Amino acid sequence: MKQSILVVNCGSSSLKLALFDETDQQLASATAERLNGKDAFARIEGDNRTVALPASADHKQALQALISTLRERQLMPAIPASIGHRVVHGGETFREAALIDDDVVAAIDECAGLAPLHNPVNVVGIEATRDLFPDVPQVAVFDTAYHQTLAPRAYLYAVPQAFYHDWSVRRYGFHGTSHFFMANEAARRLGKTLATTSIISAHLGNGCSITAIRDGLSVDTSMGLTPLEGLVMGTRSGDIDPGLFDYLASRGIPLAEVHKILNHKSGLLGISGQTNDMRALCELADHGHEPSALAIEIFCFRLAKYVGAMMASLRHLDALVFTGGIGENSDRVREKTLEHLGLLGFTIDPDMNEHHGRYSDGRIDHADSRFPVLVIPTNEELVIAREARRLAATL
Ligand code: ADP
């Protein structure tokens with residue numbers, strides 16, 4: 001356990017910890033949710049005992065409570081060998097993971113304007129573990145960094161370029177750690193090297209994004225300046241006509257309200273009027289609830305359109321890859337999406353699709369499909385642990 005690596009992922013109101021050994025085995029994981037609220041709670045995976053939290057615990061208090069409980073229960077060593085932090089926004093400053101020092105923390109803070117809900121709590125997590133483990137190397141791994149290889153034609157918006165030069169307005173893209181994991185894992189499963197692998201990676205969870213990866217590098221992605229652009233998501237609209245802002249303003253809806261609607265009341269929730277949960281939507285649709293069936297329909301159609309769009313960035317395609325809670329588990333979403341893509345030559349095997357490709361290393365394509373189609377469970381924490389170990393070894 002001496003060489004264990006601690007991974008810290010602070011979300012806007014949640015905290016996830018994972019502990020890996022030097023052979024990539026996960027040793028333990030723990031979560032805290034609803035932080036800063038009256039019903040904040042924390043638990044350690046696979047352990048029914050409660051973890052005591054102060055009332056309305058914040059990220060720092062939850063981190064301290066979970067770490068001391070993990071140590072007490074001998075699930076983690078007194079001192080980990082290195083620590084990796086998930087950081088949402090690295091702007092254009094971070095093209096790859098970085099060893100954390102005061103300058104890096106200040107630079108992460110500077111990117112907070114681009115991710116106000118996330119970067120500040122990421123910094124809280126970093127400061128808390130630096131206090132607890134002052135001598136342990138710590139590494140920041142950015143959701144945006146993998147997409148820094150996009151060319152200007154893919155990352156610039158067709159707006160006055162002063163917006164980019166003065167205010168950093170451009171496509172950044174997110175879920176980079178997951179898409180990077182997909183590229184590596186697809187390459188491994190297809191018996192190729194990363195540098196020769198080109199895939200389309202669809203990460204479909206509560207947030208959804210799709211990325212074109214050419215020769216191992218991200219060349220286009222659906223999320224933009226913020227994680228609101230692109231695919232239909234759980235509560236986010238994805239693409240809309242920017243003219244909607246004007247129109248809603250003319251109807252008396254203030255900008256802050258529009259922001260709230262597009263981020264928290266749209267997507268699957270907005271269309272169905274019931275839930276943002278794909279599993280629940282499938283059940284509702286099966287019981288004849290038409291708005292839920294429509295939500296699934298729109299979700300899959302938008303996704304199929306984006307698969308087609310991502311082809312424009314590739315010279316060849318080794319596989320279309322599905323991941324995230326929906327991508328990994330919903331055979332219905334995969335099937336409905338690929339129904340739209342027959343013209344491009346995608347066909348899937350219904351039996352393999354239903355069994356999530358469990359008997360074929362994730363492959364769900366039919367023998368006559370022009371391209372392989374894969375289902376791969378993502379593991380962002382593992383990527384962060386590997387980066388922490390890699391960079392700590394350079395010291
Ligand atoms: P997050 O982005 O919060 O990490 P996840 O990757 O866990 O989210 O994905 C959550 C989504 O996955 C939810 O919409 C959930 O309903 C969906 N999901 C999980 N299991 C299934 C399933 N068996 N069938 C359909 N959807 C599923």
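Per an unreviewed UniProt entry, the chain goes by the name Acetate kinase and belongs to Marinobacter aromaticivorans. Taken verbatim from the UniProt record of the chain, the Subcellular location (unreviewed entry) comment is "Cytoplasm".

(A) Representation of the overall build of the chain. The helix and strand tally for the chain stands at 15 helices and twelve strands. Projected onto its principal axes, the C-alpha coordinates of the chain cover approximately 55 × 55 × 45 Å. The burial tally for the chain puts 52% of its 395 residues in the buried class. Taking the intrachain contacts of the chain between residues at least 6 apart in sequence as the baseline, contacts between residues at least 24 apart amount to 63%. When the accessible surface of the chain is split by element, carbon and sulfur atoms take 52% of a total near 18,100 Å². The chain carries 36 positive and 48 negative side-chain charges, and their two centres are separated by 0 Å.

(B) Summary view of the pattern of salt bridges. All chains considered together, the criterion is met by 23 salt bridges. Between Arg171 and Glu229 there is a salt bridge, with its nearest N and O atoms 3.1 Å apart. Of the two residues, Arg171 sits in the loop between helix H5 (162-167) and helix H6 (176-190) while Glu229 sits in the loop between strand S10 (217-221) and helix H7 (243-250), which places them 58 residues apart along the sequence. Residue Arg171 is classed as buried on the basis of its relative accessible area, which comes to 11%. Under the relative-accessibility criterion, Glu229 is labelled partly exposed at 21%. Between Glu185 and Arg188 there is a salt bridge, with its nearest N and O atoms 2.6 Å apart. Taken together, the residues span about one helical turn, with Glu185 and Arg188 both in helix H6 at a distance of three residues. Residue Glu185 is classed as buried on the basis of its relative accessible area, which comes to 13%. What makes Arg188 exposed here is its relative accessible area of 53%.

(C) The UniProt feature "binding site: substrate" (unreviewed entry) in the chain, seen in detail. Taken from the UniProt record, the annotation "binding site: substrate" (unreviewed entry) applies to Arg86. For Arg86, the location among the structural elements is in strand S5 (residues 82-87).

(D) Structural detail: the nonpolar core. Of all hydrophobic cores here, the largest spans 43 residues; its most connected members are Leu204, Ile210, Met278, Phe299 and Phe346. For this core, the secondary-structure elements that each account for two or more residues are strand S8 (199-204), strand S9 (208-214), helix H10 (278-286), helix H11 (290-311), strand S11 (319-323), helix H13 (331-339) and strand S12 (373-375). Broken down by element, the residue count for this core peaks at nine residues, all from H11. In this view, Ile210 contacts His179, Ile200, Ser201, Ala202, Asp220, Thr221, Ser222, Leu231, Leu303, Tyr306, Val307 and Met310; residues no more than four positions away in its chain are not counted. Counting residues in hydrophobic clusters, the runner-up holds 25 residues, among them Cys10, Leu35, Ala40 and Ile44.

Definitions and cut-offs
Residues numbered from 1 in each chain as written. Predicted model: local features only at pLDDT ≥ 70, side-chain atom pairs only at ≥ 80, totals over all residues. Heavy atoms only, no water. UniProt positions renumbered as here; feature names shortened; annotations may be inferred. Helix = DSSP H or I, 4+ residues; strand = E, 2+ residues; numbered from the N terminus. Buried < 20%, exposed > 50% of the residue type's maximum accessible area, 1.4 Å probe, protein only. Contact = heavy atoms within 4.5 Å. Areas by Shrake-Rupley, 256 points an atom, 1.4 Å probe, with all protein chains shown as cover. Lys, Arg positive; Asp, Glu negative; His and termini not counted. Charge placed at Lys NZ, Arg CZ, Asp CG, Glu CD. Salt bridge = Lys/Arg side-chain N within 4 Å of Asp/Glu carboxyl O. Core = buried A, V, L, I, M, F, W, Y, C linked by side-chain atoms within 4.5 Å.

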